[in-house]
Amino acid sequence: MTVQQTLAKLVAIDSVSSQSNSEIISYLEARCEKLGFAVKRFSHIDESGIEKINLVAHTGDVDVIELALVGHTDTVPYDQNWTDALTLTEKNGQLFGRGACDTKAFIAAALTALESVDLGRLKKPLALVFTSDEEIGCLGAKRLADARPFAARYAIIGEPTSLQPMRAGKGYSLAEITVSGREAHSAYPQLGASAIFRAARLIKRIEGIAEDLKHDRHDHFDPPYTTLNVGVITGGTAKNIIAGECRFTLEWRTIPGQSSDHVLNLVKQSAEELKKEDSDFVCEIDANRFDESFETRADSPLVEFLEDASGKSSGTVAFGTEAPSMISLGAEAVVFGPGDIRVAHRSGEFVPVDQLNECVQILRQAIEKFCT
Ligand SMILES: [Zn+2]
């Protein structure tokens, strides 16, 4: 099968994160078994009662995988008006379809690369790792990392990077903050306490934190510091009622080297300071997501290999990836794959044919370099 035929097959299997990925996993499992790989499923029932599966297919002994090629099987949803979303369509050297870019192109390239290598020559274990639920928070990879089914030395995480090796990424954290007040008729403000005024004071301080964070720089990123965003705010019930509650979301994207709870601690400290000024001040901080940043050293053999093979120097990514999960399994991890992240997650996402073919060659060379 050609890489394009494989990609067409993968795109035809609907694997939007909201549904089970069992069909695409069964397909990948059969392809890997045919090559003589040992396969292991890690199945899980999600919050909606739907089965989600991670699959590890490997040669040799699974204890320490020399090279893991990691691809997520799920995709973002597609617009019903995109009638060809599940039919790979070629136009002007580009292949269109949901997941064609993110990240089925990488998976197709990895399978094709494997099929072009004499696996009998592999001296060190190679694994293909297919994950679930990447698009809704890298959940499958996190579960796999918690299960610790193997240790890995090197991992290539498939994501559209236009074949540029990405050796570092910012973390992602999210908190929901609820500030309480006391309702009263707005004609008598002295009888109440406005949750909105209180939230405004806290947000003013958060803006100050964002300003201070600019001094802690990591120059390989754009922008080169941890960023904060208050993305959504809601509060109050009517124009003539002193607001009893105000809620807002706070997200922050942490540079490598800074702990992901650094911002949280600064916000908690600001809330404490406000409490000193206003003993009634109450706020609840529900920090429910901490995705770590990552950085693989520039002189890692995997970084150097991918820079040589692609002819591109390594860079950094601003979006969340499964790299931290693979790093927690011991791997030096690099994010790499065909297609451009800027066309991912939109109707008409595509992967250029030449990048898809080049990726097959680079992954084949990677397998030969690290595993033979
Ligand atoms: Zn992706």
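As shown above, the structure is provided for reference.
Residues numbered from 1 in each chain as written. Predicted model: local features only at pLDDT ≥ 70, side-chain atom pairs only at ≥ 80, totals over all residues. Heavy atoms only, no water.

Chemist: Can you explain the coordination of the zinc ion? Please cite residues and give values.
Modeler: With distances of 1.8 to 2.6 Å, the protein atoms coordinating the zinc ion are H72 (NE2), D102 (OD), E159 (OE) and E159 (OE). Sequence positions of the donors to the zinc ion reduce to the motif H-x29-D-x56-E. Highlighted residues: D102 in the loop between β5 (94-96) and α3 (104-115) and E159 in the loop between β7 (151-158) and β8 (166-169), separated in sequence by 57 residues. Judged on exposure class, the residue D102 and its partner E159 are both buried. (Donors = N, O, S within 2.8 Å, 3.2 Å for Na, K, Ca; no water. Helix = DSSP H or I, 4+ residues; strand = E, 2+ residues; numbered from the N terminus. Buried < 20%, exposed > 50% of the residue type's maximum accessible area, 1.4 Å probe, protein only.)

Chemist: Please set out the pattern of salt bridges residue by residue, giving values where relevant.
Modeler: According to the stated counting rule, one finds 26 salt bridges in the structure shown. Across the pair E66 and R153 runs a salt bridge whose closest N-O atoms are separated by 2.8 Å. Of this pair, E66 sits in strand β3 (residues 64-72) while R153 sits in strand β7; the two residues are 87 residues apart in sequence, bridging distant segments of the chain. The buried category is assigned to E66, whose relative accessible area is 7%. In this structure R153 comes out as partly exposed when scored by relative accessible area, which is 42%. Across the salt bridge formed by E368 and R364, the nearest N and O atoms sit 3.6 Å from each other. Note that E368 and R364 are positioned in helix α9 (residues 353-371) at a spacing of 4 residues, about one turn of the helix. Each of the salt bridges in this network shares a partner with another, and the network as a whole consists of R182, R198, R201, D278 and D280. (Salt bridge = Lys/Arg side-chain N within 4 Å of Asp/Glu carboxyl O.)

Chemist: Please provide a residue-by-residue account of the sheet that holds strand β10 (residues 227-235), values included.
Modeler: Two pairing modes exist for strands in a sheet, parallel and antiparallel, and in both the strands are linked by backbone hydrogen bonds. One open sheet holds the 4 strands; their spatial order is β10-β11-β9-β12, and the pairing between them is antiparallel. The open sheet has two edge strands with one neighbour each: β10 and β12 (282-291). Averaged over all neighbouring strand pairs, the angle between strand axes comes to 15 degrees, with direction disregarded. Pairing between strand β9 (residues 172-180) and β12: 9 bridges, direction antiparallel. Looking at the pairing, T178 lines up with E284 of β12. In the packing of helix α6 (residues 262-277) onto the sheet, contacts are made with β9, β10, β11 (245-253) and β12, and the angle to β12 comes to roughly 180 degrees. (Pairing = 2+ DSSP bridges. Axes fitted to C-alpha atoms, helices over the stretch in contact; angles between N-to-C directions. Contact = heavy atoms within 4.5 Å.)

Chemist: Outline the side chain of S173, supporting the account with residue identities and numerical values.
Modeler: Structurally, S173 can be placed in strand β9. The exposure class assigned to S173 is buried, which follows from its relative accessible area of 0%. With residues up to four places along the chain from it excluded, the contact list for S173 reads L250, E251, W252, S260, R289, F290 and D291.

Chemist: I'd love a proper account of helix α7 (residues 301-310), names of residues and values included.
Modeler: The set of residues buried in α7 consists of L302, V303, F305, L306 and S310. Along the axis of α7, the buried residues cluster in a sector spanning 165 degrees; they form a single face. Looking at the buried residues of α7, the elements they touch are β7, β8, β15 (332-336) and α9. In the stretch just after α7, G311 is the one whose phi turns positive, near 70 degrees. (Arc of directions from axis to C-beta.)

Chemist: Describe the nonpolar core, with residues and values.
Modeler: Grouped burial of nonpolar side chains is what soluble globular proteins tend to show. Membership of the largest hydrophobic core comes to 54 residues, with the highest contact counts inside it found for L67 and I156. Top element by residues in this core is α9. It accounts for 10 residues. Beyond its immediate stretch of four places on either side in the chain, I156 contacts L67, A68, L69, V70, F106, L302, L306, V334, F336, L363 and A366. I157, F294, V317 and M326 belong to the second largest nonpolar core, which has 21 residues in total. (Core = buried A, V, L, I, M, F, W, Y, C linked by side-chain atoms within 4.5 Å.)

Chemist: Give a description of the packing of aromatic side chains that names residues and reports values.
Modeler: Per the stated rule, a full pass over the model turns up 4 aromatic pairs. Centroid distance Y154 to F370: 4.8 Å. Interplanar angle 50 degrees. Geometry classified as tilted. Of the two residues, Y154 sits in strand β7 while F370 sits in helix α9, which places them 216 residues apart along the sequence. Side by side, Y154 and F370 carry an identical accessibility label, which is buried. The interplanar angle of 70 degrees and the centroid separation of 6.3 Å between the aromatic rings of W252 and F290 together place this pair among those described as edge-to-face. (Phe/Tyr/Trp six-rings, centres within 6.5 Å; stacked < 30°, edge-to-face > 60°.)

Chemist: Lay out the environment of V230 with the relevant residues and their values.
Modeler: The residue V230 is located in strand β10 in this model. Judged by relative accessible area, which is 30%, V230 ranks as partly exposed.

Chemist: Describe the pairing of β3, naming the residues involved and giving the relevant values.
Modeler: Looking along a regular strand, one sees the side chains alternate between the two faces of the sheet. By the criterion of burial, β3 is predominantly enclosed, with 8 of the 9 residues buried. Bridge analysis of β3 against β7 gives 6 bridges, and the strand direction is parallel. Paired with V70 across the two strands is I157, which belongs to β7. Two elements, β3 and strand β6 (residues 126-131), share 6 bridges in a ladder whose sense is parallel. What sits directly across from A68, in β6, is A127.

Chemist: Account for the sheet that holds β5, naming residues and giving values.
Modeler: Pairing in this open sheet of 3 strands is antiparallel, and the strands run β4-β5-β16 from one edge to the other. One side of each edge strand has no neighbouring strand; the edge strands of this open sheet are β4 (89-91) and β16 (350-352). In this sheet, adjacent strand axes meet at a mean angle of 25 degrees when their direction is disregarded. Looking at chain direction, β4 and β5 are connected through 3 bridges and run antiparallel. Counted as the bridge partner of K91 is Q94 from β5.

Geometric values such as these leave the question of function open.
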